[in-house]
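# Structural features, examined
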Amino acid sequence: MIDIKYLRANPEVVRAAIKNKNEKADLDALLRVDNQRRSLQYSYDQLRAQQNTVSQQIAQKKRAQEDASEEIASMAKVAAQLKGIQADLNAANAEIETRLLSIPNIPEADVRIGPDETHNEVIRHEGEPATFDFEPKDHLAIAEQNGLLDLTRGAKISGSGFPIYKGAGARLERALINFMLEYHIQKHGYTELMVPLAVTRKTMTGTGQLPKLEADMYHIAEDDLFLIPTAEVPVTNIYADEVLSYKDLPQKYVAYTPCFRREAGSYGKDTRGLQRLHQFNKVEMVRFVEPENSAAALKEILHDAEDILQALGLHYRVVSLCTGDLSFASQKTFDLEVWAAGSKKYLEVSSVSNFGEFQARRANIRYKDAEGKMRHLHTLNGSGLATPRLMIALLETYQQADGRLKLPEALKPMLELRI
RNA sequence: GGAGAGUUGCCGGAGCGGUUGAACGGGACGGUCUCGAAAACCGUUGUAUCCUUAUCGGGUACCCAGGGUUCGAAUCCCUGACUCUCCGCCA
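Just so we're clear, the structure is a prediction, and the values are computed from it rather than from any experiment.

### Re the sheet that holds strand E4 (residues 219-220)
- The antiparallel open sheet is built from three strands, whose spatial order is E3-E5-E4. Of all strands in the sheet, those bounded by a partner on one side alone are strand E3 (198-200) and E4.
- Pairing of E4 with strand E5 (residues 225-227) involves two bridges; the strand directions are antiparallel. Among the inter-strand pairings, Ile-220 is bridged to a residue of E5, identified as Leu-225.

The structure is reproduced here in structure tokens:
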């Protein structure tokens, strides 16, 4: 959530951010209601002050057994007046809240301005693409030959986009999740959390998925709960409506969860095999930091995610997202795209973002700094990593001429696989 | 799913509808004392918003949330959320 005081002072900055992020929001209407609200609040406060004073006089008179009917009569009028103002004030506050929730975060100054992903900037490449002395197959062919997946039956029981991992495929998936969790816990110092997979509307609003993305969520109407699209949602919200101490910061959490995405309107776009799913597994890193440390923390999370790809010997590139491709809540994001050697393309396996105080404002997460001042902390997160496309890259990179796989050493301790 | 109890400030815990932002105790912070510490004593101890985004000072709101009654609500009424206990169901 944008600070309304900042918005009042810098409407043009916010207007530009909305435009550069391809969002829509009526700033003028918001500023107008904000003005109304403030003048209503002023009238309200004045009348209340009067009411409080006279009420005490009434109390005194009553105690002294004097007649206070005149005061009571005049206060009855004030009370009626207050009721009307209160109603207007509530309406104004509700409208401001609604409009404010639809204003995106402001991209950092060094984020390239561009309309869509074609304007993203590839910052660097790491590792070398695998080379073969045969024609490499794509992951579906490899999975089929080794019996790793059963997408047909997954679709039968739940619809397309709900994969079944089978036999060695299931074990590999489980090994990957465990490998990444342990890596972040042991080498990067994260604390693991296991969190609810269904969350409230308020929680979903706290991190910025709602109201914008409601159509992309699986919703349980009876309880008004949403299946999480990422562990970011429950993990970031663990401190909603709390005040931490600067001594508690920074905090680093890692969580594995399945993720659920309806992906409304994305049919037919890169959906082959495991590329785009309604349910997939992901290990997510989340950090709570003091504002002055969030830029450095962003780089650290990026490296934490990259470490996984490097440990698995995969070639990838780092992409800095332009404004048009930034998520609603993000102010700066790097994507990691892994090389799929058989499909011969880069696939996004991680998104690492700094949200500044945007989510902290929405979720009302504050902390007291060393001077005892109350401030909003900064939140960040990064996938570390999402498994489906990682699986694609692994299968395609480590395939051999006979169709069997020779998986990287790093996974050995997690699972003795012979496939 | 059924029955009951509860939700007050950093914590514990009071609070007849009218100087209650809230007794009392604890904690924390500052000070006195001390070579230093402990103890003792004194003082301070919230958030948001507005008046003026300096300071000082002041107004208003906040006792789970939202409504209602009243001149006036932490206190009365209604609805909801959550917590605890008992019963039922269940991995």
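### Observations regarding the domain arrangement of chain A
- Domain boundaries in chain A define domain 1 (4-101) and domain 2 (117-414).
- When each unit is reduced to the centre of its C-alpha atoms, the spacing between domain 1 and domain 2 is 43 Å.
- Contacts between domain 1 and domain 2 engage five residues on the former and eleven residues on the latter.
- Approximately 640 Å² of surface area, both sides summed, lies buried where domain 1 meets domain 2, with 48% of it carried by carbon and sulfur atoms.

### Description of the environment of Ala-305
- As for its placement among the helices and strands, Ala-305 is situated in helix H10 (residues 294-311).
- Measuring from C-alpha to C-alpha, the distance between Ala-305 and Ala-386 comes to 10 Å, with 81 residues separating the pair along the chain.
- Setting aside residues up to four positions removed in sequence, Ala-305 forms contacts with Met-285, Leu-336, Ser-350, Ser-383 and Leu-385.

### Brief notes about the protein's contact with RNA strand B
- Around RNA strand B, 20 residues are found, and the nearest of them are Asp-45, Arg-48, Ala-59, Met-75 and Lys-83.
- Protein-adjacent atoms of RNA strand B, using a 4 Å cutoff, are sugar or phosphate at a proportion of 72%.
- At a separation of 3.1 Å, a phosphate oxygen of RNA strand B approaches a polar side-chain atom of Asn-52.
- One of the side-chain nitrogen or oxygen atoms of Lys-83 is found 2.7 Å away from a phosphate oxygen of RNA strand B.
- At the level of elements, helix H1 (4-9), helix H3 (27-63) and helix H4 (69-101) are the ones that each hand at least two residues to the surface near RNA strand B.
- Looking at the surface near RNA strand B, the element that brings in the most residues is H3, giving ten residues.

### Some points on unusual backbone geometry
- The omega torsion of the bond from Leu-210 to Pro-211 falls at 5 degrees, within 30 degrees of zero and hence cis.
- With respect to the element layout, Pro-211 can be found in the loop between helix H8 (201-206) and E4.
- Of note, the bond from Gly-384 into Leu-385 is cis; its omega dihedral lies within 30 degrees of zero at 5 degrees.
- Position of Leu-385 relative to the elements: it lies in strand E14 (residues 378-386).
- In this model, Asn-22 sits at a positive phi of 60 degrees, which is unusual for a non-glycine residue.
- Locating Asn-22 in the fold gives a position in the loop between helix H2 (11-20) and H3.
- Positive phi, normally seen in glycine, also occurs at Asp-241, with a value near 60 degrees.
- Summarising the element assignment, Asp-241 is placed in the loop between helix H9 (232-236) and strand E6 (242-245).
- Residue classification places Asp-241 among the partly exposed positions, given a relative accessible area of 45%.

### Looking at the packing of H2 against H3
- Packing of H2 against H3 brings their axes to within 11 Å, and their N-to-C directions diverge by 145 degrees. Between H2 and H3 lies a crossing of right-handed hand. Contacts from Pro-11, Val-14, Arg-15 and Ile-18 of H2 reach H3 at Leu-27, Asp-28 and Leu-31.
- Among the residues forming the contact of H2 with H3, the class breakdown is five nonpolar, no polar and two charged.

Rules behind the numbers
Residues numbered from 1 in each chain as written. Chains lettered and ligands numbered in written order. Predicted model: local features only at pLDDT ≥ 70, side-chain atom pairs only at ≥ 80, totals over all residues. Heavy atoms only, no water. Pairing = 2+ DSSP bridges. Helix = DSSP H or I, 4+ residues; strand = E, 2+ residues; numbered from the N terminus. Domains from an automatic or database assignment. Contact = heavy atoms within 4.5 Å. Buried area = accessible area lost by both parts, 1.4 Å probe. Near = heavy atom within 4 Å. Polar contact = N/O pair within 3.5 Å; in protein donor to acceptor, adjacent residues only side chain to side chain. Buried < 20%, exposed > 50% of the residue type's maximum accessible area, 1.4 Å probe, protein only. Axes fitted to C-alpha atoms, helices over the stretch in contact; angles between N-to-C directions. Left-handed = near helix turned anticlockwise from the far one by under 90°. Nonpolar A, V, L, I, M, F, W, Y, C, P; charged D, E, K, R; others polar.

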